[in-house]
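The lines below spell out each chain.
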Amino acid sequence: MSANVVTRIAPSPTGEMHIGTVRTALVNYIFAKQNGGKYIVRVEDTDKERNKTEWVDAIWRDFEWCALTPDATYVQSEHIARHRELLLKLVEENKAYISKEAKKDDASQTVEVVRLRNAGGIVTFTDLVRGEVSIDTTELGDFVIARSIDDPLYHFAVVADDGDAGVTHVIRGDDHISNTPRQILILEALGFTRPAYAHLPLILAPDRSKLSKRKHGASLENYRAQGFLPEAILNYLALLGWNPGTEKEMFTVDELVSEFSLERVHTAGAVFDIEKMKWFNHEYIKLLSMEEYGARLTAFIESRGESAPSYMPEILTELRNRARTFSEAADFLLDGEFSFMEETIPTPAAELLLKGAKAEASAVKEHLQTVADMLANHEVFTADSVKDAIFAYATEKGRASVLWPMRVALSGKEKSPDPFTLAQLLGKERTLSRIAAALGVF
Ligand code: GLU
């Protein structure tokens, strides 16, 4: 493939970025890098009623966060003079004409729209994903390309900007496929070279409806707020509608640049599975160093206006093993899931110590005492070594009658991690003093 490949992502700044836009951006980025080409971000801000500058800023921030760094950026409204020039050229060449007509929603007013002369007929293009696509344009008639000579419609602006920027590959969502023949007619009138097209399958909700920001929370901002890592999001998005043909699932963007291929993209819509994205996120979280994980988690908790409990550093490994996102980890912490890590806890009632033990109080007391004696002589307080020390005894006496009260004594709670993990997290001193306190309730 030639080195002059130019791709672009062209988001409209009308709200939070849809996760599908991130996927399209990723594929454009990958394709440009694969071909030593250029990847452009063009903000399509010509819809004056729906655009907001805060959403323009959000686009730059979002792509920076994902590290989908563009080689060039444009804002479409900067091209208004050029659009006017091209519209006038089409009118002068009689490829388009100014049509005085009644305003659509108010027949008492007239407008001067610009219409493209359309001979009609079938437009055929080869889509890199879908193959040959033919669409009849006869019914479009002389369609409108600008509301006035100063106010081009979306189709015209896209074609003009793609042409001027030398875009060679238009890679975008399937929802644009029906726009393509119209845009080809405009570009032929303008005399631009036709780019290659690739329409990516839509991302669907589990019920196979279109994945929506409003109904399904499918914005990048929402996933960022839930504590997803950008690497995990991009990895997951790459696999929506594409697979490498091997078992491999974990891909950095650099690996995608060498392994992704548009030819392997499916035409069928791809169902978005949040659980699978959480799985990816967990895999990426486990790759962070403990130090990095702690720093990021602290920042995440603070961004919610909360502060991390002082015992957080002691349970980081446990948190990282259990929580698939920063938001899950923050919820564990702030909901008191690990409150047993407080320096002191209320001593559990006898009733709770007995609840799951399936044994008499006298037996439970005896087991707690034995566990205390065994651990008093035990030095290495890892979960495995504590388990080694106690497990044979527990198995002999009945696991529930030994391990339930031990776990409740250590955590003070009905639900908690297993007693060996608790012993490791609490350390020898706190473990022994909590068992002693529990013995005192009988
Ligand atoms: N601005 C359009 C959108 O946000 C994309 C245009 C294109 O990719 O051709 O859907």
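This text goes with the structure placed above it.
Remember, predicted model here, so these are calculated numbers, not experimental data.

Draft legend 1. Focus on the overall build of the protein chain. In terms of regular secondary structure, the protein chain is built from 18 helices and 13 strands. With respect to the principal axes defined by its C-alpha atoms, the protein chain has extents near 100 × 50 × 35 Å. Going through the 442 residues of the protein chain one by one, you find that 49% of them count as buried. In the protein chain, once contacts between residues fewer than 6 apart in sequence are set aside, the share between residues at least 24 apart is 72%. Carbon and sulfur atoms make up 49% of the accessible area of the protein chain, which totals about 20,800 Å².

Draft legend 2. Fine view of the packing of aromatic side chains. Counted according to the given criterion, the structure contains 14 aromatic pairs. Here Tyr-29 and Tyr-39 contribute two aromatic rings whose centre-to-centre distance is 5.4 Å and whose plane-to-plane angle is 85 degrees, an arrangement assigned as edge-to-face. A residue pair is termed long-range when its members are at least 10 positions apart, and Tyr-29 in helix α1 (residues 19–34) and Tyr-39 in strand β2 (residues 38–43) qualify at 10 residues. Judged on exposure class, the residue Tyr-29 and its partner Tyr-39 are both buried. Ring geometry for Trp-242 and Phe-251: centres 5.5 Å apart, planes at 65 degrees, overall edge-to-face.

Draft legend 3. Looking closely at the site of the ligand. If you check the shell around the ligand, you find Arg-8, Ala-10, Ser-12, Glu-44, Tyr-154, Val-158, Arg-172 and His-176 and nothing else. A distance of 2.6 Å separates a nitrogen atom of the ligand from a polar atom in the side chain of Glu-44. Within the side chain of His-176, one N or O atom sits 3.1 Å away from an oxygen atom of the ligand. When isolated, the ligand has an accessible area of 300 Å², and the protein chains bury 78% of it. In the shell around the ligand, the residues fall into three nonpolar, two polar and three charged.

Draft legend 4. Structural view of the pattern of salt bridges. A full pass over the atoms with the stated rule returns 35 salt bridges. The closest approach of N and O atoms between Glu-101 and Arg-115, which form a salt bridge, is 2.9 Å. Placement of Glu-101 in strand β4 (residues 96–103) and of Arg-115 in strand β5 (residues 106–116) is noted, with a sequence separation of 14 residues between them. By relative accessible area, Glu-101 is classed as partly exposed at 22%. Beyond isolated ion pairs, a larger network of salt bridges with shared partners links Arg-8, Arg-42, Glu-44, Asp-161 and Asp-162.

Draft legend 5. How the structure looks around helix α11 (residues 290–303). Its 14 residues place the ends of α11 20 Å apart at the C-alpha level, agreeing with the 20 Å of an ideal helix rising 1.5 Å per residue. Buried within α11 we find Tyr-293, Gly-294, Leu-297, Phe-300 and Ile-301. Angular distribution of buried residues about the axis of α11 spans 130 degrees; they occupy a single face of the element. Along α11, exposed side chains directed more than 90 degrees from the buried face belong to Glu-291 and Ser-303. Lining the buried residues of α11 we find α7 (220–225), α10 (274–287), α12 (316–322) and α13 (326–334). Among the residues trailing α11, Gly-305 stands out with phi positive, at a value near 75 degrees.

Draft legend 6. Summary view of the side chain of His-169. With respect to the secondary-structure elements, His-169 resides in strand β10 (residues 169–173). One polar contact links His-169 to Thr-168, side chain to side chain, over a distance of 2.7 Å.

Draft legend 7. Inspection of the sheet that holds strand β9 (residues 151–152) at higher detail. Overall, antiparallel pairing links the four strands, which are arranged β4-β5-β8-β9 in an open sheet. The open sheet has two edge strands, β4 and β9, and neither has a second partner. Pairing between strand β8 (residues 144–148) and β9: two bridges, direction antiparallel. Bridging across to β9, Ser-148 finds its partner in Asp-151.

Draft legend 8. Seen up close, unusual backbone geometry. Positive phi outside glycine occurs at Asn-94, with the angle close to 65 degrees. Of note, Asn-94 is situated in the loop between α3 (80–92) and β4. Taking relative accessible area as the criterion, Asn-94 reaches 45% and is therefore assigned partly exposed. The phi dihedral of Lys-358 is positive, around 50 degrees, even though this residue is not glycine. Secondary-structure assignment places Lys-358 in the loop between α14 (350–355) and α15 (361–376). For Lys-358, a relative accessible area of 76% corresponds to the exposed category.

Here is what the cut-offs are and how they apply
Residues numbered from 1 in each chain as written. Predicted model: local features only at pLDDT ≥ 70, side-chain atom pairs only at ≥ 80, totals over all residues. Heavy atoms only, no water. Helix = DSSP H or I, 4+ residues; strand = E, 2+ residues; numbered from the N terminus. Buried < 20%, exposed > 50% of the residue type's maximum accessible area, 1.4 Å probe, protein only. Contact = heavy atoms within 4.5 Å. Areas by Shrake-Rupley, 256 points an atom, 1.4 Å probe, with all protein chains shown as cover. Phe/Tyr/Trp six-rings, centres within 6.5 Å; stacked < 30°, edge-to-face > 60°. Near = heavy atom within 4 Å. Polar contact = N/O pair within 3.5 Å; in protein donor to acceptor, adjacent residues only side chain to side chain. Nonpolar A, V, L, I, M, F, W, Y, C, P; charged D, E, K, R; others polar. Salt bridge = Lys/Arg side-chain N within 4 Å of Asp/Glu carboxyl O. Expected span 1.5 Å × (residues − 1). Arc of directions from axis to C-beta. Pairing = 2+ DSSP bridges.

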